[in-house]
There are 2 protein chains.
Amino acid sequence: MVAMEKKNKKQRKRWREKMNDDDDDDDEKVEDEEENEGKNINGGERQREHPFIVTEPGEVARGKKNGLDYLFHLYEQCREFLIRVQVIAKDRGEKCPTKVTNQVFRYAKKAGASYINKPKMRHYVHCYALHCLDEDVSNELRRVFKERGENVGAWRQACYKPLVAIVTRQGWDIDAIFNSHPRLSIWYVPTKLRQLSHSERNNAAIASTSVGINC
Amino acid sequence: MVAMEKKNKKQRKRWREKMNDDDDDDDEKVEDEEENEGKNINGGERQREHPFIVTEPGEVARGKKNGLDYLFHLYEQCREFLIRVQVIAKDRGEKCPTKVTNQVFRYAKKAGASYINKPKMRHYVHCYALHCLDEDVSNELRRVFKERGENVGAWRQACYKPLVAIVTRQGWDIDAIFNSHPRLSIWYVPTKLRQLSHSERNNAAIASTSVGINC
DNA sequence: TTTTAATCCAATGGTTTGAA
DNA sequence: ATTTAATCCAATGGTTTGAA
């Protein structure tokens, strides 16, 4: 189990380095810091994951930070864990989950992906949704918020607006939008996004009434 | 609320009578008994629903009994309650159930359908499944078990065998079978039926191995 | 004994809380 | 102050239990 975690740590490091292949400066420093992943030099367990910072597409976070490509990669990892859980369930003739459930998070943890947890994944689902549904808009938002020096919380909040615009264009049915996208369909629609979509539908209805369309 | 239940009682009586339109004998007696539905003559609440008996297709149970057409009708009623819950949920922008959930059973009860409850509906789901998937086989089984004078429990048990035969013919994927049928897809696959389907797949795999197909 | 339905239970989706 | 993740909670799917 300890061995598995160590192997996994190296895989994660490799994933982040591959994003940085043709960028040599600072590599030593980054490596030093990343060798301390999982445990610190004193042998104590590292308490929590490095916080996310707003990065441009393709940019790797330096220092004790994680970038947004890495955040989105975690969603892809969860999808892979779900698929593995589904294969096992079907093989055993058991109920087969269609979404990333508690069972999948538990499986991910047991498989050594201790850096994945439910509150974190749920917290950023709508950001991942924007990335899936309109990568160009998502990328542009990241560039703008990075340039302005905004923190992750501000970027996360800002993801709602372009998302709701997409939902509105497609008839306010957020469930249909999630379900019809192969990578998004495995995630529960976040409550706040559902509420925003519904409010927007009501606003549109009121607007069209006041303009006389329904009179 | 009391008024709603009374109206509902009359609707249920009417449904059972319409099955019996061109069969006049005993009508008075049946009516007398059915007037006591819900409450008895002493004003106390009736304790439980009349038990089911094995009836032929089209046959109405006499006396303090319910027939199998009525049982299957309860599944259709649940479907209607689900649809109403779905309309309300969508209108409010809330999460929309795709299955008959606790929420739907609660709604049915509040709507006056106190004769619908979860354990009962779950108990007979596979019988309803056979009725949906092969009505001819289902009807024939009812006739045979009625003629033999078998009780409901024996009929219920007997429904598994022809169902598993159907599942086997279609590749042992009970979830796919339920999901692809419009009236069945709203019901959870019963655990025992899932297990039987899986066992049958294993049996088939072993059989084909011993015959040399996989050697 | 057969059949019904209230009751219970572990595990869920969802969120709050407080630690770092 | 920002961000992470352990903890908690009501409501769920599923079943057992015991009443009729």
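This structure is a prediction, so every number in the text was calculated from the model and none was measured. (Residues numbered from 1 in each chain as written. Chains lettered and ligands numbered in written order. Predicted model: local features only at pLDDT ≥ 70, side-chain atom pairs only at ≥ 80, totals over all residues. Heavy atoms only, no water.)

Enquirer: Before we go on, may I ask you to explain the overall build of chain A in this structure?
Expert: If you tally the helices and strands in chain A, you get eleven helices and zero strands. Scanning chain A from its N terminus toward the C terminus, one meets helices and strands in the order α-α-α-α-α-α-α-α-α-α-α. Burial analysis of chain A (215 residues in total) assigns 41% to the buried set. For chain A, the share of sequence-separated contacts (at least 6 apart) that also reach a separation of at least 24 residues comes to 60%. (Helix = DSSP H or I, 4+ residues; strand = E, 2+ residues; numbered from the N terminus. Buried < 20%, exposed > 50% of the residue type's maximum accessible area, 1.4 Å probe, protein only. Contact = heavy atoms within 4.5 Å.)

Enquirer: Explanation requested: the protein's contact with DNA strand D in the structure shown.
Expert: Not every one of the 19 residues close to DNA strand D is listed here, only the nearest: E49(A), Y124(A), R106(B), K118(B) and Y188(B). Considering the 4 Å shell around the protein, atoms of DNA strand D inside it are sugar or phosphate in 65% of instances. Separating a phosphate oxygen of DNA strand D from a side-chain N or O atom of K95(A) is a distance of 3.0 Å. At 3.3 Å, a side-chain N or O of K120(A) approaches a phosphate oxygen of DNA strand D. Secondary structure elements with two or more residues in the surface near DNA strand D: helix 5 (118–123) and helix 8 (152–158) of chain A together with helix 4 (102–110) of chain B. When its residues are assigned to classes, the surface near DNA strand D shows six nonpolar, six polar and seven charged. (Near = heavy atom within 4 Å. Polar contact = N/O pair within 3.5 Å; in protein donor to acceptor, adjacent residues only side chain to side chain. Nonpolar A, V, L, I, M, F, W, Y, C, P; charged D, E, K, R; others polar.)

Enquirer: Looking at this structure, I do not really get the interface of chain A and chain B. What am I missing?
Expert: How big an interface is tends to be stated in terms of the accessible area lost upon association of its parts. Each partner contributes to the interface: chain A provides ten residues, whereas chain B provides ten residues. Together, the buried faces of chain A and chain B total about 820 Å²; carbon and sulfur atoms form 42% of this surface. Summed over the three residues of chain A that lose the most area to chain B, namely K95(A), R194(A) and H198(A), the buried surface amounts to 45% of that side. Where chain A packs against chain B, one counts zero salt bridges. The interface formed by chain A and chain B includes eight residue pairs in polar contact (both at pLDDT 80 or more). For the side of chain A that touches chain B, the per-class residue count stands at one nonpolar, two polar and seven charged. (Buried area = accessible area lost by both parts, 1.4 Å probe. Salt bridge = Lys/Arg side-chain N within 4 Å of Asp/Glu carboxyl O.)

Enquirer: What am I meant to see in the environment of I174(B) here?
Expert: Residue and element names in this part refer to chain B. Of note, I174 is situated in helix 10 (residues 174–179). A residue is classified by how much of its surface remains accessible, and I174, at 3% relative accessible area, is buried. The spatial distance from the C-alpha of I174 to the C-alpha of L193 is 8.1 Å, given a sequence separation of 19 residues. Those residues in contact with I174 that sit more than four places away from it in its chain are V167, V189, L193, R194 and S197.

Enquirer: So what exactly am I meant to see when it comes to the protein's contact with DNA strand C here?
Expert: Of all residues adjacent to DNA strand C, which total 19 residues, the nearest are R106(A), K118(A), Y188(A), E49(B) and Y124(B). When the atoms of DNA strand C within 4 Å of the protein are grouped by moiety, sugar and phosphate amount to 65% of the total. Here a phosphate oxygen of DNA strand C and a backbone polar atom of V152(B) are 3.0 Å apart. For the surface near DNA strand C, the residue count by class is six nonpolar, six polar and seven charged.

Enquirer: Looking at this model, I keep getting lost on the relation of the copies chain A and chain B. Mind explaining?
Expert: Here the two chain copies are tied together by a rotation about an axis and a shift along that axis. Of the two same-sequence chains, chain A is brought onto chain B (RMSD 0.0 Å, axial shift 0.0 Å) by a rotation of 180°. Such values leave the two copies arranged in the relation of a two-fold axis. When C-alpha distances to the rotation axis are compared across chain A, the minimum falls at T98(A), with a value of 6.5 Å. (Least-squares fit on C-alpha atoms with pLDDT ≥ 70 in both.)

Enquirer: Sorry if this is basic, but what is going on with the pattern of salt bridges here?
Expert: When charged atoms on two side chains of opposite charge get close, those side chains can pair. If you walk through the whole model with that rule in mind, you get 14 salt bridges over all chains. A salt bridge links R143(B) to E140(B), with the shortest nitrogen-to-oxygen separation between them at 3.1 Å. Of the two residues, R143(B) and E140(B) both sit in helix 7 (residues 135–147), three residues apart, roughly one turn of that helix. A residue is classified by how much of its surface remains accessible, and R143(B), at 35% relative accessible area, is partly exposed. Judged by relative accessible area, which is 42%, E140(B) ranks as partly exposed. A network of salt bridges, in which partner residues are shared, links E56(A), E59(A) and K146(A).

Enquirer: Explain the domain arrangement of chain A to me, please; I cannot follow it from the model alone.
Expert: Residue and element names in this part refer to chain A. Domain parsing of chain A yields domain 1 (1–123) and domain 2 (125–206). Residue-level contacts link 24 residues of domain 1 with 23 residues of domain 2. With both chains or domains summed, domain 1 and domain 2 bury close to 2300 Å², and 62% of this area falls on carbon and sulfur atoms. Among the residues domain 1 hides against domain 2, the three largest losses belong to V54, F72 and K99. Together they make up 29% of the total. Linking domain 1 with domain 2 are four salt bridges. As a salt-bridge pair, R142 and D69 come within 3.0 Å of each other at their nearest N and O atoms. Across the contact surface, domain 1 and domain 2 share 13 residue pairs in polar contact (both at pLDDT 80 or more). When contributions to the side of domain 1 that touches domain 2 are tallied by element, the ones reaching two or more residues are helix 3 (68–92) and helix 5. (Domains from an automatic or database assignment.)

Enquirer: Please explain unusual backbone geometry as it appears in this structure.
Expert: Peptide bonds are trans in most cases, and residues, glycine excluded, mostly fall at negative phi. Residues and elements named next belong to chain A. Backbone geometry at W172 places phi at a positive 65°, although glycine is not the residue there. Examined against the element boundaries, W172 turns out to sit in the loop between helix 9 (160–169) and helix 10 (174–179). Residue W172 is classed as partly exposed on the basis of its relative accessible area, which comes to 29%.

Enquirer: Quick question: what am I supposed to make of the environment of F52(B) here?
Expert: Residues and elements named next belong to chain B. With respect to the helices, strands and loops of the structure, F52 is situated in the loop between helix 2 (27–35) and helix 3 (68–92). In this structure, the C-alpha to C-alpha distance between F52 and I186, residues 134 residues apart in sequence, is 23 Å. Setting aside residues up to four positions removed in sequence, F52 forms contacts with N66, G67, Y70, L71, L74, K120, Y124 and V152.

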